[in-house]
Amino acid sequence: MQSPTNSFDKISPTAIMVAELRQFTDIPYSKEIAQLVNAQAVVEKLIENNLNRPVEVGVWLEGRYKSVNKLIGQATQIIELASGLQPRGMVMTENPDIIFIESDLPGILSQKQEIVKKLIGNRPNYHLIPINVTSDPSQFPLHANYLDTQKPVVITCEGLMMHLTFAEKQMVFKNIREMLEIYGGMWITPDLNDKVGLNKMRSFSPGLQNISRTTAEITGRNVDDYLFENPDHVKQFAQLQGFTIDSYNMLEIIDSLTCLEPLKIDVEIAKSMLANAFVSVLKLKNSNPNWV
Ligand SMILES: C[S@@+](CC[C@H](N)C(=O)[O-])C[C@H]1O[C@@H](n2cnc3c(N)ncnc32)[C@H](O)[C@@H]1O
(Lines give C-alpha, C1' and ligand atoms only; values in the text may rest on other atoms or scores of the structure.)
Protein backbone atom coordinates (compact mmCIF):
# COMPACT_ATOMS: atom_id res chain seq x y z
CA MET A 1 0.00 0.00 0.00
CA GLN A 2 1.36 3.45 -0.90
CA SER A 3 1.71 6.18 1.73
CA PRO A 4 -0.41 9.27 0.99
CA THR A 5 1.64 12.04 -0.70
CA ASN A 6 0.63 14.58 1.94
CA SER A 7 2.44 12.47 4.55
CA PHE A 8 5.65 13.15 2.55
CA ASP A 9 4.79 16.82 2.02
CA LYS A 10 5.31 17.32 5.75
CA ILE A 11 8.98 16.34 5.20
CA SER A 12 9.54 19.15 2.67
CA PRO A 13 10.02 21.97 5.25
CA THR A 14 13.14 20.15 6.52
CA ALA A 15 14.71 21.22 3.20
CA ILE A 16 14.50 24.83 4.42
CA MET A 17 16.09 23.84 7.74
CA VAL A 18 19.12 22.41 5.95
CA ALA A 19 19.23 25.30 3.47
CA GLU A 20 19.50 27.66 6.44
CA LEU A 21 22.61 25.88 7.75
CA ARG A 22 24.12 25.46 4.28
CA GLN A 23 24.44 29.23 3.90
CA PHE A 24 27.38 29.07 6.34
CA THR A 25 29.42 27.05 3.84
CA ASP A 26 31.18 27.97 0.61
CA ILE A 27 28.75 25.81 -1.40
CA PRO A 28 27.74 28.01 -4.36
CA TYR A 29 24.26 29.63 -4.34
CA SER A 30 23.64 28.59 -0.70
CA LYS A 31 23.45 32.13 0.61
CA GLU A 32 21.21 33.31 -2.23
CA ILE A 33 18.85 30.35 -1.77
CA ALA A 34 18.62 30.83 2.01
CA GLN A 35 17.68 34.47 1.43
CA LEU A 36 15.15 33.71 -1.29
CA VAL A 37 13.24 31.24 0.93
CA ASN A 38 13.64 33.39 4.05
CA ALA A 39 15.34 30.51 5.86
CA GLN A 40 15.96 32.76 8.86
CA ALA A 41 12.22 32.58 9.63
CA VAL A 42 12.57 28.80 10.13
CA VAL A 43 15.20 29.35 12.78
CA GLU A 44 13.08 31.96 14.51
CA LYS A 45 10.18 29.49 14.56
CA LEU A 46 12.40 26.82 16.15
CA ILE A 47 13.46 29.26 18.84
CA GLU A 48 9.85 30.34 19.40
CA ASN A 49 8.91 26.67 19.92
CA ASN A 50 11.83 26.18 22.32
CA LEU A 51 13.54 23.79 19.90
CA ASN A 52 17.31 23.90 19.61
CA ARG A 53 19.05 24.99 16.45
CA PRO A 54 21.04 21.91 15.34
CA VAL A 55 24.28 23.83 14.61
CA GLU A 56 26.72 20.89 14.29
CA VAL A 57 24.47 19.38 11.64
CA GLY A 58 26.22 21.93 9.40
CA VAL A 59 29.28 19.65 9.48
CA TRP A 60 27.25 16.68 8.34
CA LEU A 61 25.53 18.68 5.57
CA GLU A 62 28.72 20.14 4.19
CA GLY A 63 30.47 16.79 4.64
CA ARG A 64 27.85 14.86 2.71
CA TYR A 65 27.55 17.42 -0.10
CA LYS A 66 31.30 17.43 -0.69
CA SER A 67 31.74 13.65 -0.25
CA VAL A 68 28.94 12.94 -2.73
CA ASN A 69 30.49 15.40 -5.23
CA LYS A 70 33.83 13.65 -4.90
CA LEU A 71 32.22 10.27 -5.62
CA ILE A 72 30.19 11.62 -8.56
CA GLY A 73 33.58 12.41 -10.11
CA GLN A 74 33.40 12.70 -13.89
CA ALA A 75 29.89 11.23 -14.36
CA THR A 76 27.87 13.03 -17.05
CA GLN A 77 24.28 11.85 -16.37
CA ILE A 78 23.11 12.65 -12.86
CA ILE A 79 19.72 12.28 -11.19
CA GLU A 80 19.27 13.92 -7.83
CA LEU A 81 16.23 12.71 -5.84
CA ALA A 82 14.53 14.72 -3.09
CA SER A 83 16.84 17.60 -3.93
CA GLY A 84 14.96 20.19 -1.86
CA LEU A 85 16.86 23.47 -2.06
CA GLN A 86 20.21 21.84 -2.73
CA PRO A 87 22.22 23.81 -5.34
CA ARG A 88 24.12 20.89 -6.93
CA GLY A 89 22.12 20.97 -10.17
CA MET A 90 22.72 24.69 -10.65
CA VAL A 91 26.44 24.25 -10.06
CA MET A 92 27.02 21.12 -12.16
CA THR A 93 25.02 22.28 -15.20
CA GLU A 94 27.54 25.08 -15.71
CA ASN A 95 29.28 22.26 -17.59
CA PRO A 96 27.19 21.80 -20.77
CA ASP A 97 28.38 18.18 -21.11
CA ILE A 98 26.51 17.21 -17.95
CA ILE A 99 22.83 16.22 -18.09
CA PHE A 100 21.33 16.87 -14.67
CA ILE A 101 17.86 15.74 -13.62
CA GLU A 102 16.68 17.19 -10.38
CA SER A 103 13.53 16.04 -8.62
CA ASP A 104 11.43 16.35 -5.51
CA LEU A 105 7.75 16.38 -4.59
CA PRO A 106 5.71 18.81 -6.74
CA GLY A 107 5.24 21.51 -4.03
CA ILE A 108 8.87 22.13 -3.15
CA LEU A 109 9.96 21.47 -6.74
CA SER A 110 7.89 24.38 -8.05
CA GLN A 111 9.49 26.60 -5.38
CA LYS A 112 12.88 25.38 -6.58
CA GLN A 113 11.98 26.04 -10.23
CA GLU A 114 11.30 29.68 -9.33
CA ILE A 115 14.65 29.93 -7.55
CA VAL A 116 16.51 28.37 -10.47
CA LYS A 117 14.80 30.80 -12.87
CA LYS A 118 15.84 33.77 -10.73
CA LEU A 119 19.43 32.65 -10.17
CA ILE A 120 20.49 31.04 -13.46
CA GLY A 121 17.55 30.99 -15.90
CA ASN A 122 16.93 28.03 -18.24
CA ARG A 123 19.61 25.57 -19.27
CA PRO A 124 19.00 22.85 -21.88
CA ASN A 125 21.01 20.30 -19.83
CA TYR A 126 19.06 20.91 -16.59
CA HIS A 127 15.69 19.19 -16.09
CA LEU A 128 13.53 19.67 -13.00
CA ILE A 129 10.82 17.03 -12.76
CA PRO A 130 8.46 15.96 -9.96
CA ILE A 131 9.15 12.48 -8.60
CA ASN A 132 7.68 10.80 -5.56
CA VAL A 133 10.51 8.32 -4.98
CA THR A 134 8.21 5.72 -3.41
CA SER A 135 5.66 5.75 -6.20
CA ASP A 136 4.41 2.52 -7.80
CA PRO A 137 4.51 2.56 -10.78
CA SER A 138 7.76 4.46 -10.84
CA GLN A 139 7.86 8.16 -11.69
CA PHE A 140 11.57 7.93 -12.58
CA PRO A 141 12.58 9.08 -16.10
CA LEU A 142 13.01 5.50 -17.33
CA HIS A 143 12.82 6.42 -21.03
CA ALA A 144 13.50 10.17 -21.11
CA ASN A 145 14.64 11.43 -24.51
CA TYR A 146 17.28 13.64 -22.87
CA LEU A 147 19.10 10.63 -21.37
CA ASP A 148 21.55 8.51 -23.35
CA THR A 149 21.01 4.78 -22.70
CA GLN A 150 24.61 4.16 -23.76
CA LYS A 151 25.90 6.12 -20.75
CA PRO A 152 25.55 5.23 -17.05
CA VAL A 153 23.54 7.35 -14.64
CA VAL A 154 24.56 8.39 -11.16
CA ILE A 155 21.60 8.70 -8.81
CA THR A 156 22.01 10.67 -5.58
CA CYS A 157 19.90 11.66 -2.60
CA GLU A 158 20.78 13.34 0.65
CA GLY A 159 18.59 13.63 3.72
CA LEU A 160 15.75 11.51 2.34
CA MET A 161 15.95 7.84 3.29
CA MET A 162 16.07 8.34 7.07
CA HIS A 163 12.55 9.80 6.95
CA LEU A 164 11.10 6.75 5.19
CA THR A 165 9.68 3.55 6.70
CA PHE A 166 11.31 0.27 5.69
CA ALA A 167 8.46 -0.47 3.28
CA GLU A 168 8.97 2.96 1.66
CA LYS A 169 12.76 2.47 1.55
CA GLN A 170 12.15 -0.82 -0.26
CA MET A 171 10.11 1.01 -2.92
CA VAL A 172 12.96 3.49 -3.46
CA PHE A 173 15.41 0.61 -3.88
CA LYS A 174 13.02 -0.99 -6.41
CA ASN A 175 12.60 2.23 -8.40
CA ILE A 176 16.37 2.88 -8.45
CA ARG A 177 17.03 -0.74 -9.43
CA GLU A 178 14.70 -0.36 -12.44
CA MET A 179 16.57 2.78 -13.54
CA LEU A 180 20.02 1.19 -13.17
CA GLU A 181 18.87 -1.92 -15.04
CA ILE A 182 18.34 0.30 -18.10
CA TYR A 183 21.31 2.66 -17.84
CA GLY A 184 23.83 1.02 -15.53
CA GLY A 185 25.67 3.23 -13.09
CA MET A 186 25.35 3.67 -9.36
CA TRP A 187 23.47 5.21 -6.47
CA ILE A 188 25.45 7.44 -4.13
CA THR A 189 23.86 8.32 -0.80
CA PRO A 190 24.81 9.27 2.76
CA ASP A 191 21.29 8.32 3.89
CA LEU A 192 21.55 4.68 4.92
CA ASN A 193 22.05 5.57 8.56
CA ASP A 194 22.20 3.01 11.33
CA LYS A 195 21.61 3.40 15.07
CA VAL A 196 25.21 2.61 16.01
CA GLY A 197 26.81 5.24 13.74
CA LEU A 198 24.20 7.91 14.34
CA ASN A 199 24.30 7.49 18.11
CA LYS A 200 28.10 7.86 18.01
CA MET A 201 27.69 11.10 16.03
CA ARG A 202 25.03 12.25 18.47
CA SER A 203 27.40 11.68 21.39
CA PHE A 204 29.62 14.46 19.97
CA SER A 205 26.85 16.81 18.96
CA PRO A 206 24.10 18.33 21.11
CA GLY A 207 22.50 19.69 17.93
CA LEU A 208 22.25 16.26 16.39
CA GLN A 209 20.79 14.87 19.62
CA ASN A 210 17.92 17.29 19.27
CA ILE A 211 17.36 17.21 15.53
CA SER A 212 15.25 14.05 15.65
CA ARG A 213 12.89 15.76 18.08
CA THR A 214 12.79 18.88 15.91
CA THR A 215 12.17 16.99 12.66
CA ALA A 216 9.59 14.72 14.35
CA GLU A 217 7.70 17.89 15.37
CA ILE A 218 7.81 19.12 11.77
CA THR A 219 7.26 15.90 9.85
CA GLY A 220 5.19 13.76 12.22
CA ARG A 221 7.77 11.01 11.57
CA ASN A 222 10.33 9.85 14.12
CA VAL A 223 13.64 9.17 12.36
CA ASP A 224 14.67 6.81 15.16
CA ASP A 225 11.89 4.40 14.18
CA TYR A 226 13.32 4.05 10.67
CA LEU A 227 17.07 3.66 11.30
CA PHE A 228 18.93 0.49 10.37
CA GLU A 229 20.24 -1.39 13.43
CA ASN A 230 23.93 -1.46 12.42
CA PRO A 231 26.14 -1.51 9.28
CA ASP A 232 25.46 -5.24 8.75
CA HIS A 233 21.74 -4.56 8.68
CA VAL A 234 22.30 -1.92 5.96
CA LYS A 235 24.39 -4.36 3.95
CA GLN A 236 21.88 -7.21 4.27
CA PHE A 237 18.97 -4.94 3.31
CA ALA A 238 20.83 -3.61 0.25
CA GLN A 239 21.85 -7.12 -0.83
CA LEU A 240 18.29 -8.39 -0.51
CA GLN A 241 17.21 -5.59 -2.86
CA GLY A 242 19.84 -6.70 -5.39
CA PHE A 243 22.67 -4.23 -4.66
CA THR A 244 26.31 -4.38 -3.63
CA ILE A 245 27.37 -1.63 -1.29
CA ASP A 246 30.66 0.12 -0.48
CA SER A 247 31.08 2.79 2.18
CA TYR A 248 33.32 5.85 2.16
CA ASN A 249 34.18 7.81 5.29
CA MET A 250 33.41 11.53 5.23
CA LEU A 251 36.55 12.34 7.20
CA GLU A 252 38.32 12.44 3.83
CA ILE A 253 36.85 15.89 3.13
CA ILE A 254 37.55 17.43 6.55
CA ASP A 255 40.06 19.92 5.09
CA SER A 256 37.44 21.38 2.78
CA LEU A 257 34.90 22.18 5.54
CA THR A 258 34.12 25.90 5.66
CA CYS A 259 31.23 25.99 8.18
CA LEU A 260 33.31 25.58 11.35
CA GLU A 261 34.25 29.20 11.89
CA PRO A 262 30.89 30.85 11.07
CA LEU A 263 28.95 28.26 13.09
CA LYS A 264 31.58 28.23 15.90
CA ILE A 265 32.10 24.47 15.80
CA ASP A 266 35.22 22.97 17.33
CA VAL A 267 37.36 21.14 14.74
CA GLU A 268 37.74 18.13 17.06
CA ILE A 269 33.97 17.77 17.25
CA ALA A 270 33.78 17.99 13.45
CA LYS A 271 36.46 15.29 13.13
CA SER A 272 34.67 12.98 15.56
CA MET A 273 31.39 13.46 13.74
CA LEU A 274 32.79 12.84 10.26
CA ALA A 275 34.77 9.81 11.48
CA ASN A 276 31.37 8.19 12.06
CA ALA A 277 29.67 9.45 8.91
CA PHE A 278 29.63 7.49 5.66
CA VAL A 279 28.49 7.76 2.08
CA SER A 280 27.32 4.53 0.46
CA VAL A 281 27.89 3.62 -3.17
CA LEU A 282 25.41 1.02 -4.39
CA LYS A 283 25.56 -0.88 -7.67
CA LEU A 284 23.41 -3.68 -9.05
CA LYS A 285 24.80 -7.06 -8.06
CA ASN A 286 25.02 -8.17 -11.68
CA SER A 287 26.23 -4.81 -13.04
CA ASN A 288 28.63 -4.60 -15.94
CA PRO A 289 32.06 -3.51 -14.56
CA ASN A 290 32.49 -1.23 -17.61
CA TRP A 291 29.41 0.82 -16.74
CA VAL A 292 31.16 3.11 -14.22
C1 LIG B 1 15.88 17.02 4.65
S2 LIG B 1 15.23 17.48 3.10
C3 LIG B 1 16.71 17.27 2.12
C4 LIG B 1 16.72 18.13 0.90
C5 LIG B 1 18.04 18.12 0.12
N6 LIG B 1 18.35 16.80 -0.38
C7 LIG B 1 19.17 18.67 0.94
O8 LIG B 1 20.03 17.89 1.38
O9 LIG B 1 19.20 19.86 1.14
C10 LIG B 1 14.24 16.07 2.65
C11 LIG B 1 13.64 16.16 1.25
O12 LIG B 1 12.98 14.93 0.94
C13 LIG B 1 11.87 15.24 0.12
N14 LIG B 1 10.94 14.09 0.13
C15 LIG B 1 10.28 13.58 1.18
N16 LIG B 1 9.53 12.53 0.80
C17 LIG B 1 9.72 12.37 -0.54
C18 LIG B 1 9.21 11.47 -1.51
N19 LIG B 1 8.36 10.51 -1.19
N20 LIG B 1 9.64 11.61 -2.79
C21 LIG B 1 10.50 12.59 -3.13
N22 LIG B 1 11.02 13.47 -2.26
C23 LIG B 1 10.63 13.37 -0.97
C24 LIG B 1 11.32 16.48 0.77
O25 LIG B 1 10.41 17.17 -0.07
C26 LIG B 1 12.59 17.25 1.09
O27 LIG B 1 12.97 18.11 0.03
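Relevant structure appears above.
Let me begin by describing the structure that accompanies this report. What you see is a predicted model; the values in this text were computed from it and never measured.

Turning next to the pairing of strand 3 (residues 126-130). Counting buried residues along strand 3, four of its five residues qualify, which places the element largely inside the surrounding structure. One ladder, built from five bridges, connects strand 2 (residues 99-104) with strand 3; its direction is parallel. In the strand pairing of strand 3, Glu-102 is matched with Leu-128. As for the winding sense of the linkage, the β-α-β connection from strand 2 through helix 7 (residues 106-119) to strand 3 is right-handed.

Now for helix 13 (residues 267-275). Taken together, the buried positions of helix 13 are occupied by Ala-270, Met-273 and Leu-274. Buried residues of helix 13, viewed axially, fall in a sector of 90 degrees; they line one side. Residues of helix 13 that are buried in the fold lie against helix 5 (57-72), helix 9 (195-204), helix 10 (206-219), strand 6 (243-249) and helix 12 (260-263). Of the residues that open helix 13, the one with a side-chain oxygen 2.7 Å from the backbone nitrogen of Glu-268 is Asp-266.

Considering only enclosed or pocket space, the largest pocket measures out at about 380 Å³ in volume. Around the largest pocket sit 21 residues that line it, and Leu-192, Asp-194, Pro-231, Ser-247 and Phe-278 are the ones nearest its centre. Contributing elements (two or more residues each) for the lining of the largest pocket: helix 9, helix 11 (231-240), strand 6 and strand 7 (278-284). If one sorts the elements of the lining of the largest pocket by residue count, helix 9 sits on top with five residues.

A complete count under the given rule lists eight aromatic pairs for this structure. Where Phe-100 meets Tyr-126, the ring centres are 6.1 Å apart and the plane angle is 85 degrees; that geometry is what we call edge-to-face. Taken together, the residues Phe-100 in strand 2 and Tyr-126 in strand 3 connect sequence positions 26 residues apart. Seen in terms of ring centroids, Phe-166 and Phe-237 are 5.9 Å apart; in terms of plane orientation they differ by 65 degrees. Their pairing is edge-to-face. Linking Phe-166 in helix 8 (residues 166-183) with Phe-237 in helix 11, this pair joins segments that are 71 residues apart in sequence. The structure contains a cluster of three or more aromatic residues connected by ring pairs, namely Phe-166, Phe-173, Trp-187, Phe-228, Phe-237 and Phe-243. Here the basic side chain of Arg-88 rests over the ring of Tyr-65, its NZ or CZ set 4.5 Å away from the ring centre. Directly above the aromatic system of Phe-166 lies the positively charged group of Lys-169, at a separation of 5.1 Å from the ring centroid.

Attention shifts here to the side chain of Asn-175. Looking at where Asn-175 falls in the secondary structure, it is placed in helix 8. Residue classification places Asn-175 among the buried residues on the basis of a relative accessible area of 0%. Of note is the side chain of Asn-175, whose polar atom sits 3.0 Å from the backbone oxygen of Ser-135. Only 3.4 Å separates the side chain of Asn-175 from the side chain of Lys-174, close enough to count as a polar contact. Among residues more than four places away in sequence, those in contact with Asn-175 are Val-133, Thr-134, Ser-135, Ser-138 and Phe-140.

Moving on to the pattern of salt bridges. One pass over the full model with this rule turns up 13 salt bridges. Residue Glu-158 pairs with Arg-64 through a salt bridge whose shortest N-O separation is 3.4 Å. Of the two residues, Glu-158 is situated in the loop between strand 4 (153-157) and helix 8 and Arg-64 in helix 5; the sequence distance between them amounts to 94 residues. Given the relative accessible area of 8%, Glu-158 is considered buried. Glu-102 serves as the salt-bridge partner of Lys-112, at 2.3 Å between the closest nitrogen and oxygen. Residue Lys-112 is located in helix 7, and its partner Glu-102 is located in strand 2; the two are separated by ten residues in the primary sequence. For Glu-102, a relative accessible area of 0% translates into the label buried. Ionic contacts of the salt-bridge type, sharing partners, join the residues Arg-64, Glu-80, Arg-88 and Glu-158 into one network.

The rules we used
Residues numbered from 1 in each chain as written. Predicted model: local features only at pLDDT ≥ 70, side-chain atom pairs only at ≥ 80, totals over all residues. Heavy atoms only, no water. Buried < 20%, exposed > 50% of the residue type's maximum accessible area, 1.4 Å probe, protein only. Helix = DSSP H or I, 4+ residues; strand = E, 2+ residues; numbered from the N terminus. Pairing = 2+ DSSP bridges. Right-handed = clockwise from strand over helix to strand, strands pointing away. Arc of directions from axis to C-beta. Contact = heavy atoms within 4.5 Å. Polar contact = N/O pair within 3.5 Å; in protein donor to acceptor, adjacent residues only side chain to side chain. 1 Å grid on protein atoms, 1.4 Å probe; cavity = no way out; pocket = protein on both sides within 12 Å on 5 of 7 lines; lining within 4 Å. Points joined across faces, edges and corners; volume = space filled by probe spheres on them. Phe/Tyr/Trp six-rings, centres within 6.5 Å; stacked < 30°, edge-to-face > 60°. Lys NZ or Arg CZ within 6 Å of the ring centre and 35° of its normal. Salt bridge = Lys/Arg side-chain N within 4 Å of Asp/Glu carboxyl O.

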